[in-house]
Amino acid sequence: MSTHIHSLILIFQILLTFIFPSISAIDQSPINIWPKPRSFTWTTPHAILISPSFTITSPPHNYLSLAVNRYLRQIQTAQYKPLLIPAINLTNSPPLQTLTITIYDINAPLSHGVNESYTLTIPSNTTSATLMAATTWAAMRGLASFSQLVWGNPARVAAGLIISDWPMFEHRGVLLDTSRNYFGVETLLRLIGAMSANKLNVFHWHITDAQSFPLVLKSEPELARKGSYGPDMQYSAEDVKRVVEFGLEHGVRIIPEIDMPGHTGSWAEAYPEIVACANMFWWPAGAPWEDRLAAEPGTGHLNPVIPKTYEVVKNIIQETTTLFPDSFYHGGADEVVPGCWKADPTIQNYLAGNKTLSQILEIFITTTNPFITSLNRTAVYWEDVILDAEIKVNASVLPAETTIMQTWNGGPTNIKRLVSAGYRTIVSSSDFYYLDCGHGDFTGNNSAYDQPFDFEQKKGGSWCNPFKTWQLIYNYDITDGLTKDEAKLVLGGEVALWSEQSDPGVLDSRIWPRASAMAEALWSGNRDETGMKRYADATDRLNEWVNRMVSLGVQAEPIQPLWCVRNPGMCNTYNPIF
Amino acid sequence: MIFHILFISLLTLLISTVGSPMNIWPTPRSLTWTSPHAILLSTSFTINSPSHRYLTPAVNRYLRQILTTHYTPLLPPTLNLTVTPPLQTLTISVDDVTAPLSPSVNESYTLTVTSHSATMTSATVWGAMRGLETFSQLIWGDPTRIASGLVVTDWPVFEHRGVMLDTGRNYYPVEDLIRLIGSMSANKLNVFHWHLTDSQSFPLVLESEPGLAGNGSYGSGMEYSREDVERVVEFGLEHGVRIVPEIDMPGHTGSWAEAYPDIVTCANMFWWPAGAAWEDRLASEPGTGHLNPLIPKTYDVVKNVVKETTTLFPDSFYHAGADETVPSCWKADPTIQAYLANNGTLSQVLEIFINNTNPYIVSLNRTTVYWEDVILDAGIKVNPLTLPPETTIMQTWNAGPDNTKRLVSAGYRTIVSSSDFYYLDCGHGDFTGNNSAYDQPPGFDQKKGGSWCGPFKTWQLIYNYDITYGLNETEAKLVLGGEVALWSEQADPTVLDSRMWPRASAMAESLWSGNRDETGKKRSADATDRLSEWIHRMVSRGVKAEPIQPLWCIKNPGMCNTANPIF
């Protein structure tokens, strides 16, 4: 049914493209919607006033109604002041009285692959605008677009236009690590709200790690009690519920990750017996990198060869899936390092019987993965689980039907390896999508920074240097070099903020506008109609979007001097700079 | 001073501050603490000090902070609270209460906290402000307690410890400048170098030249009025922070053309024509325009600007800019073309400008600070003879220790802002639009990520920089100190705090008490733990400093160190 409707909408969109082939007006559009819509038809740009009694009518729905009220309030009160006043005539037409929302499938839940397409029509000669959306979640996308067409005091809206819009990639996410440093719930909500404004739809919550275990679980209360940073740095069941509900009100799925079997040092505070190499120094002096006990300070891997481990793990998985309704469950499995498991006597015994570390990982995965699947979840793993150079499982252990891989190494090369093995893949290539890169290293006593003066600063201590600029993120083609069939397996991407050097004080500026860059690239692409990369045009539009985000209370980082915005084109370069 | 030196040699050998449960940032030159313990601070605690226009507000500010903050350290100090009557007063005595806030003013102080009294003696009121900050960092908890049984004797290694902020590329409201200056004072930084204007905007409102801001600012809500400047200057005095203004010229003056198109060459031209060589750029970045030194009108305006700026800013330093004068901008102008056709050179054109402005600045009782370009630029520069070292200070930003050496060996007092170490904007890519550098085949070497001075300058790099490296003793004396610099092409009020802190703190300690321990070893490992605590205290005071480590590292001291080199 919904597929049928979707194709109808698509046909409508294709028709539109034929009817108005000459209009690529949006490149010069005085109005900015971020991410840029797929199709924007605006024959005679002008604006009309929004009535002080403007309302939005929509079918009743738990979450949509809240979203409608939120946007209504914003539209009525924001009085947004653009950086450049749009050069649009305000016509004398009667002010816009209503936006009427029609939903084709009001029952579709927020889930992976849900239809997010909508058509927004703001006529110039009636007092009513319409938003036709495939689902309530699509209606939220349309509302985000509508709100960006509004500015000024008294409020006015761009009119005489039709927007038909739907995403290129269904998975458009942000990963935040709340273990290295803690982020209060208010901060998470601000993040999710801003994601929704950018039409991002997945918050990948890397909740726990070796440094702290902030998630309070009834079945395993000691994990957070002993493993969190303290009673005021935990997420209670009520906190999680608030985040999940807030996500639903904003059309953002919340995917939990409880990283294991590596990255579990914090579990040892409650269960020292199930964690190998806990609380050891991470990289002994003089030892080669291969003999490290962890990829960074904070050691500890779950011990897969003792039964107690699985009692705890299953309690966690079970309760986490109860807390988080999304059908994806992230099982972690990154950076399992040999030195940690080798430090444990029970594992040493096991290895002495001609066993390998990869077999130990396989025991862990084959004991936990079916359990995850049995709870009606699709398991997401970091690529390491099958691609790690040393410790990895045989891919046959992880059926492509119920497993999704998330890549972070090797750029397009690893994407290719994963999809050609048949896995649906989420792209978080560190060379492009890691937002923490480029701010140096956090380890203490690091002699790398104390060098003779003529030394080459190279990566400035940041393993994934340089800082990933918005332009780099924007230009990344996540299906580069793939066949059509392979490309279909790329679900989308996630920018990732690992929090060794981030906390609530810097969250906004580290995420925005760089997550916006990915948001547009994954929603409507990074190329114009001629197939050319459109980063130059995007610069001007992104300035305006940064300004609007700041006006909404999100402390996004500026990308240019205001002078550049006021002098369009004058800050461009025609010569490559590098 | 002799007292200090004696004191140090007698006592610091016994006690090392490393491992101290209390953290003062920047760490003092000498902290003697024979039996570490803490005492309560009375709820009616007061500070007695000589009455002084600026010290009194500082005392009141610290008193309020001490009585109300109840700071919770990341790690509770392992100090026994001894049962004595709570501390009732801090008594401050100032040797020279009339010494004005000026370059090389004596900032030394001695702070003694015993189990029954606290006293501070300082050379000047500005020294007292440094001591008050130290005192405030000895305090934590609820009820309020203070580290006791200690003597801090403290004075700076370098007299010039500054932050430069560019308010020409993006605008910062006065509130943000005030927050910055307040946190500078908490870090014992004493110079706010205010790069007021640039090609992009001219936010300074001048009565004698109202058209400059009237036409050249970003708008009426993005200007600095006389009252705004007065507020910043007064706030600086209450915090012991000098405000040094910079009106950059003759380059970086595109914004002047909005009011005076006739005195600005190459204004509003495209900065780097397509296909042109870099040598033929009209400006080093978008926003063209140089003052024209060959027409008299230029000096009418410039003198008004200089004159009124020195009236607004009482400090004895005046920064006159003179960086990045590029050939093509002047070459684009017919009057200058005519001059060049008569065998004149661009360097002569610059010399005309400097000779017409520098004596005027000096006549207003100011020491002129110039960017090093004025004598070191490869293309356009003046003969150093035109700039006497007695009245001229150079600020270096290129080539690290090499240029510092070139400047001091030419006899100039020098302020160090080497971009390889002290430029806080570096490493966040480039701001020009349509830049194909970011659209490359997968697998390409990202190199500096588009940032000309990439990578990002980490706090460790800043901390470890020795600004007198390779200099002999006489040369080293000419190094007045340093300034970290935040150029604002990609910064504005939303990111100011995190871009500035804690990296400016790293320089603050390096220039106050050095970056080495008593054995001469770099102490950045020890500094890591202390800096985390200091960041936490800054955040508790409303400054959004960037974290440098996971909280786990602080709770597990030493476990996040590396014993192997990483790069």
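Residues numbered from 1 in each chain as written. Chains lettered and ligands numbered in written order. Predicted model: local features only at pLDDT ≥ 70, side-chain atom pairs only at ≥ 80, totals over all residues. Heavy atoms only, no water.

1. Let's talk about the state of the cysteines
Residue and element names in this part refer to chain A.
Part 1: Taken as a whole, this structure holds six disulfides over all chains when the rule is applied.
Part 2: Through a disulfide, Cys-437 is tied to Cys-464; the S-S separation comes to 2.0 Å. Measuring handedness by torsion sign, the sulfur bridge of Cys-437 and Cys-464 sits at about -105° and is left-handed. Taken together, the residues Cys-437 in the loop between α13 (430–433) and α14 (470–475) and Cys-464 in the loop between α13 and α14 connect sequence positions 27 residues apart. For the pair formed by Cys-437 and Cys-464, the shared burial category is buried.
Part 3: When the bonded cysteines of chain B are numbered from the N-terminus onward, they pair as 1-2, 3-4, 5-6.
Part 4: When the cysteines engaged in disulfides are numbered in sequence order, chain A pairs them as 1-2, 3-4, 5-6. (Disulfide = S-S within 2.5 Å. Helix = DSSP H or I, 4+ residues; strand = E, 2+ residues; numbered from the N terminus. Buried < 20%, exposed > 50% of the residue type's maximum accessible area, 1.4 Å probe, protein only.)

2. Section: the sheet that holds strand β9 (residues 242–249) of chain B
Remark on secondary structure: sheet strands pair via backbone hydrogen bonds, oriented parallel or antiparallel.
All names here are of chain B.
Part 1: Ordered by their spatial adjacency, eight strands build a closed barrel running β7-β8-β9-β12-β13-β14-β15-β16, and the pairing between neighbours is parallel. If you compare each strand with its neighbour and ignore which way they point, the axes differ by 30° on average.
Part 2: Against the sheet, helix α7 (residues 296–312) makes contact with β9 and β12 (317–321), and its axis sits at roughly 175° relative to β9, the strand it touches most. (Pairing = 2+ DSSP bridges. Axes fitted to C-alpha atoms, helices over the stretch in contact; angles between N-to-C directions. Contact = heavy atoms within 4.5 Å.)

3. Topic: the interface of chain B and chain A
Part 1: On the side of chain A, 84 residues touch chain B, which itself brings 83 residues to the contact.
Part 2: For the pairing of chain B and chain A, the buried interface totals around 7,500 Å² over both sides, and the portion due to carbon and sulfur atoms is 61%.
Part 3: Here chain B is connected to chain A by four salt bridges.
Part 4: For Glu546(B), the salt bridge is made with Arg510(A), and the minimal N-O distance between the two is 3.0 Å.
Part 5: Joining chain B to chain A, the criterion identifies 39 residue pairs in polar contact (both at pLDDT 80 or more).
Part 6: Secondary structure elements with two or more residues in the side of chain B that touches chain A: α13 (419–422), α14 (459–464), α16 (496–500), α18 (524–540) and α19 (551–555) of chain B.
Part 7: It is α19(B) that provides the largest number of residues to the side of chain B that touches chain A, a total of four residues. (Buried area = accessible area lost by both parts, 1.4 Å probe. Salt bridge = Lys/Arg side-chain N within 4 Å of Asp/Glu carboxyl O. Polar contact = N/O pair within 3.5 Å; in protein donor to acceptor, adjacent residues only side chain to side chain.)

4. So, the side chain of Thr167(B)
Part 1: Looking at the secondary structure, you find Thr167(B) in the loop between β7 (160–166) and α4 (174–186).
Part 2: Side chain to side chain, Thr167(B) and Trp194(B) meet in a polar contact 3.0 Å long.

5. Some thoughts on the confidence of the model for chain A
Part 1: With 94% of its residues at a pLDDT of 70 or more, chain A shows a mean pLDDT of 93.
Part 2: Scored below 50 in pLDDT, residues 1–28 of chain A shows 33 contacts in the model against residues more than four places distant or in partner chains. (pLDDT = per-residue confidence, 0-100.)

6. A few points about the packing of aromatic side chains
Note on aromatic pairs: each is described by the distance of the centres and the angle between the planes.
Part 1: Scanning the entire structure with this criterion turns up 42 aromatic pairs over all chains.
Part 2: Aromatic pair Trp205(A) and Tyr235(A): ring centres 4.8 Å apart, planes at 80°, arrangement edge-to-face. One end of the pair, Trp205(A), is in strand β8 (residues 202–208); the other, Tyr235(A), is in the loop between α5 (221–227) and α6 (237–250), with 30 residues separating them in the sequence.
Part 3: Tyr235(A) sits in the buried class, given a relative accessible area of 0%.
Part 4: In textbook terms, an aromatic cluster arises when at least three aromatic residues are bridged by ring pairs, as seen for Tyr182(A), Phe203(A), Trp205(A), Tyr235(A) and Phe324(A).
Part 5: For Lys199(A), the ring lying beneath its charged end belongs to Trp523(A), and the centroid distance is 5.7 Å.
Part 6: A cation over an aromatic ring shows up here: Arg29(B) above the ring of Trp155(B), its NZ or CZ 4.4 Å from the ring centre. (Phe/Tyr/Trp six-rings, centres within 6.5 Å; stacked < 30°, edge-to-face > 60°. Lys NZ or Arg CZ within 6 Å of the ring centre and 35° of its normal.)

7. Notes on unusual backbone geometry
Residue and element names in this part refer to chain B.
Part 1: Cis geometry marks the peptide bond from Asp-142 to Pro-143; its omega dihedral reads 5°.
Part 2: For Pro-143, the position within the fold is in the loop between β5 (139–140) and β6 (145–154).
Part 3: Omega for the peptide link from Met-249 to Pro-250 comes to 5°, which places this bond in the cis form.
Part 4: Considering the arrangement of structural elements, one finds Pro-250 in the loop between β9 and β10 (264–265).
Part 5: If you check the backbone angles, Asn-365 has positive phi at about 65° while not being a glycine.
Part 6: Mapped onto the elements, Asn-365 comes out in the loop between α10 (346–363) and β13 (367–371).
Part 7: One non-glycine residue, Lys-447, lies in the positive phi region at around 45°.

8. Some remarks on the confidence of the model for chain B
Residue and element names in this part refer to chain B.
Part 1: Chain-level pLDDT for chain B is 94 on average; 96% of the residues reach the 70-or-more range.
Part 2: Within the model, the stretch residues 1–19 combines pLDDT values under 50 with 24 contacts to residues more than four positions away or in other chains.
Part 3: In the predicted complex, the global pTM is 0.95; the interface-specific ipTM is 0.93.

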